[in-house]
Amino acid sequence: MSEHPKLGREKKKPALIALLVLLALAFLVLVFSIAYYMGSAKNNTTAQESSSAPKTSASTSQDASELPQGVNQITDEQGKKLIKSFYRSNPKDPRAIGNPKAPVTMVQFSDFSCPLCYQYESTVFKQLKPYIDNGTLRIEFNNLSIFAAQYHSDLAATGAIAASKQGKFWQFLEQATQLATKQGGGHISWDDQLVTQLAKSSGVSDLTQFNKDLKSADTRKIVEDESTHARSVGINGTPAFFINDYFISGSLPADTFIKTIEIAAKQENNK
C-alpha cells in the first residue's frame, strides 16, 4: 500500500516536464516578439523624425565654409519652406523687433524657465541690437514650453503674450531675465501671483485686462500652437534659432550669432 503513491508521482513527472518545456518555449517566443516589435517601432520613429526635421549639411560656398562652430546650414528646399512657415512678417507684431523687410530674420524659440534662454538674453541679445537698429536683422519670438510640467513655464509664456497685448512683451521678457539673474540663473518656477507681479513691473497698466488675457483660452492656445509647431519640425530644446537658412541650438557666444547674421545678410543682398 505504501508504494502506490510513489508510482502515482512517477507517472506525473513526464507531464510536468512537458508543461515546463512548453512554458519555456512560450516565454522565448514572447521575448523575441517584443524585441522585434521594439526594433520596428524604433525604426519607424527614426524615419518619421528624419522626414520632418530640416536637413542640415555643410555647404561648399566660401561664406558657409566660414560659419562658426555650432552653426548648421539648412540646404534642402523642404527645410527652407519649414523655416519660412514660422515667419509672421507682421509690422505690428508686438513679439517681433526689427524691420519686417530686413534681409535677415531670426526666429527664436525660448522657454520662460530655461536658464540658457536667459543666458542668451543677458549676454547675446543686447549685442544684436545694432543689427536691428540698422535694418539688417528682425527677431521674431516663439514659445517652446519644454518646462511646463516642472516649472509652469507655459503660464509665464501666456503672461508674456498677455503683456504683448498692451505693448509690453519685450519689457516682460527683460524683467523675467532680471528675475532669473537674481535667482542665480536657475529655473524659475511660475504661478499666477509671480506672473502678475512681473507684468506690473514691466509697465502693464491695465492689470484687470491683463489677468483676463492671462486666463483666456485663446492666449493659452497661442503658446500651445507655437510649441507644437516647433516640435513638429524636430526642435525639442531651447534656446534655438533659425537665422535665415542657418540653425543654432543653445546659447552660443555672441560672435557666433553676429558672424552668422553677417553671412546671411551678405548672401541675401547678393541675390
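Peer 1: Which parts of the structure should I look at to understand the overall build of the protein?
Peer 2: A count of helical and extended segments in the protein gives 11 helices and six strands. For the protein, the proportion of its 271 residues judged to be buried stands at 39%. Expressed as a percentage of contacts within the protein between residues at least 6 apart in sequence, the contacts between residues at least 24 apart total 72%.

Peer 1: Sorry if this is basic, but what is going on with the sheet that holds strand β4 (residues 137-143) here?
Peer 2: Hydrogen bonds between backbone groups are what pair the strands of a sheet, and the pairing can be parallel or antiparallel. Pairing is mixed in the open sheet, where six strands are placed in the order β1-β6-β5-β3-β4-β2. Each of the sheet's edge strands pairs with one partner strand only, and the pair in question is β1 (71-73) and β2 (96-97). As defined by bridge partners, β1 adjoins strand β6 (residues 246-249) across three bridges and the pair is classed as antiparallel. Residue pairing for β6: V71 is matched across the bridge by I248.

Peer 1: I would appreciate a short explanation of the environment of L144 in the present structure.
Peer 2: When you line up the elements, L144 lands in the loop between β4 and α5 (148-151). Sequence separation between L144 and D154 is 10 residues, and the spatial gap between their C-alpha atoms is 8.5 Å. Aside from chain neighbours lying at most four places away, what touches L144 is F109, S110, D111, S227, A230, R231, I235, N236, G237 and T238.

Peer 1: I'm lost on the packing of aromatic side chains in this one. Help?
Peer 2: Aromatic ring pairs are defined here through the distance separating the ring centres and the angle between the ring planes. A full pass over the atoms with the stated rule returns 13 aromatic pairs. Their ring planes at 50 degrees and their centres at 4.8 Å tell us that Y120 and F241 sit as a pair that is tilted. One end of the pair, Y120, is in helix α4 (residues 115-133); the other, F241, is in strand β5 (residues 240-243), and 121 residues separate them in sequence. The exposure class assigned to F241 is buried, which follows from its relative accessible area of 0%. Here the aromatic cluster, defined as three or more aromatic residues joined through ring pairs, consists of F112, F125, F141, F169, W170 and F172.

Peer 1: Which parts of the structure should I look at to understand the packing of α4 against helix α7 (residues 169-182)?
Peer 2: Packed helices, taken two at a time, are described by the angle between their axes plus the distance between the axes. At a closest axis distance of 9 Å, the pairing of α4 and α7 adopts a crossing angle of 105 degrees. In terms of their interaxial angle, α4 and α7 are classed as roughly perpendicular. Where α4 approaches α7, its residues Y118, E121, S122 and F125 are matched on the opposing element by W170, L173, A176, T177 and A180. Within the contact of α4 with α7, the residues separate by chemical class into six nonpolar, two polar and one charged.

Conventions used here
Residues numbered from 1 in each chain as written. Predicted model: local features only at pLDDT ≥ 70, side-chain atom pairs only at ≥ 80, totals over all residues. Heavy atoms only, no water. Helix = DSSP H or I, 4+ residues; strand = E, 2+ residues; numbered from the N terminus. Buried < 20%, exposed > 50% of the residue type's maximum accessible area, 1.4 Å probe, protein only. Contact = heavy atoms within 4.5 Å. Pairing = 2+ DSSP bridges. Phe/Tyr/Trp six-rings, centres within 6.5 Å; stacked < 30°, edge-to-face > 60°. Axes fitted to C-alpha atoms, helices over the stretch in contact; angles between N-to-C directions. Parallel < 35°, antiparallel > 145°, perpendicular 65-115°, else oblique. Nonpolar A, V, L, I, M, F, W, Y, C, P; charged D, E, K, R; others polar.

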